Amino acid sequence: MRNRRLPLKAGLALAGLTYCQIFAHIDVNPFLKNYLILVPIQVGVLIYFGYTYWNGKYKQP
């Protein structure tokens, strides 16, 4: 059991693949579809940076 993060990574990869496949089959405007695909990724990045900032892991230069 050397790599404990492997199930997490596999689960996230499967969730991302499922999310993109769902949006590939939705019939909406292509510009709106691209925007809707990227919104959760941007929110996730903001949550990650906020988490690292408030936990003190982020050091300002």
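Residues numbered from 1 in each chain as written. Predicted model: local features only at pLDDT ≥ 70, side-chain atom pairs only at ≥ 80, totals over all residues. Heavy atoms only, no water.

Got a sec to walk through the overall build of the protein? Specific residues and values, please.
Of the regular secondary structure elements, the protein holds 2 helices and 0 strands. A compact globule built from 61 residues should have a C-alpha radius of gyration of about 10 Å, whereas the protein, at 16 Å, is more than 25% larger. Taken over the C-alpha atoms alone, the protein extends approximately 45 × 35 × 15 Å along its principal axes. With an accessible surface of roughly 6,000 Å², the protein has 68% of that area assigned to carbon and sulfur atoms. (Helix = DSSP H or I, 4+ residues; strand = E, 2+ residues; numbered from the N terminus. Rg over C-alpha atoms; globule rule 2.2 N^0.38 Å. Areas by Shrake-Rupley, 256 points an atom, 1.4 Å probe, with all protein chains shown as cover.)

Break down a nonpolar patch on the surface for me, with residues and values.
Among the surface-exposed residues, Ile22, Ile26, Val28, Leu32, Tyr35 and Leu36 lie close enough to one another that they form a single nonpolar patch of about 510 Å² accessible area. Residue class for Tyr35 comes out exposed when judged on its relative accessible area of 54%. (Patch = residues over 30% accessible without salt bridge, like charges linked within 9 Å, V, L, I, M, F, W, Y side chains within 5 Å. Salt bridge = Lys/Arg side-chain N within 4 Å of Asp/Glu carboxyl O. Buried < 20%, exposed > 50% of the residue type's maximum accessible area, 1.4 Å probe, protein only.)

Run through the packing of aromatic side chains, naming residues and quoting values.
Taken as a whole, this structure holds 3 aromatic pairs when the rule is applied. Aromatic pair Tyr53 and Trp54: ring centres 5.7 Å apart, planes at 75°, arrangement edge-to-face. Assessed through its relative accessible area of 70%, Trp54 is described here as exposed. (Phe/Tyr/Trp six-rings, centres within 6.5 Å; stacked < 30°, edge-to-face > 60°.)

Before we move on, can you summarise helix 2 (residues 30-54) with the specific residues and values?
Spacing of three or four residues puts side chains on the same side of an α-helix, whose turn is 3.6 residues. Helix length check: helix 2 (25 residues) gives 37 Å between terminal C-alpha atoms against 36 Å at 1.5 Å per residue, within 8%. Along helix 2, the residues classified as buried are Lys33, Gly50 and Thr52. The inward-facing, buried residues of helix 2 contact helix 1 (6-24). The first or second residue beyond helix 2 is Gly56, which carries a positive phi of 80°. (Expected span 1.5 Å × (residues − 1). Contact = heavy atoms within 4.5 Å.)

Outline the environment of Gly16, listing residues and values.
By secondary structure assignment, the location of Gly16 is in helix 1. When the C-alpha positions of Gly16 and Val43 are compared, they lie 14 Å apart, and in sequence the two are 27 residues distant.

Break down the environment of Pro40 for me, citing the residues and quoting the values.
Relative to the elements of secondary structure, Pro40 occurs in helix 2. On the basis of relative accessibility, which here comes to 40%, the residue Pro40 falls in the partly exposed class. Sequence separation between Pro40 and Gly50 is 10 residues; the distance between their C-alpha atoms is 15 Å.

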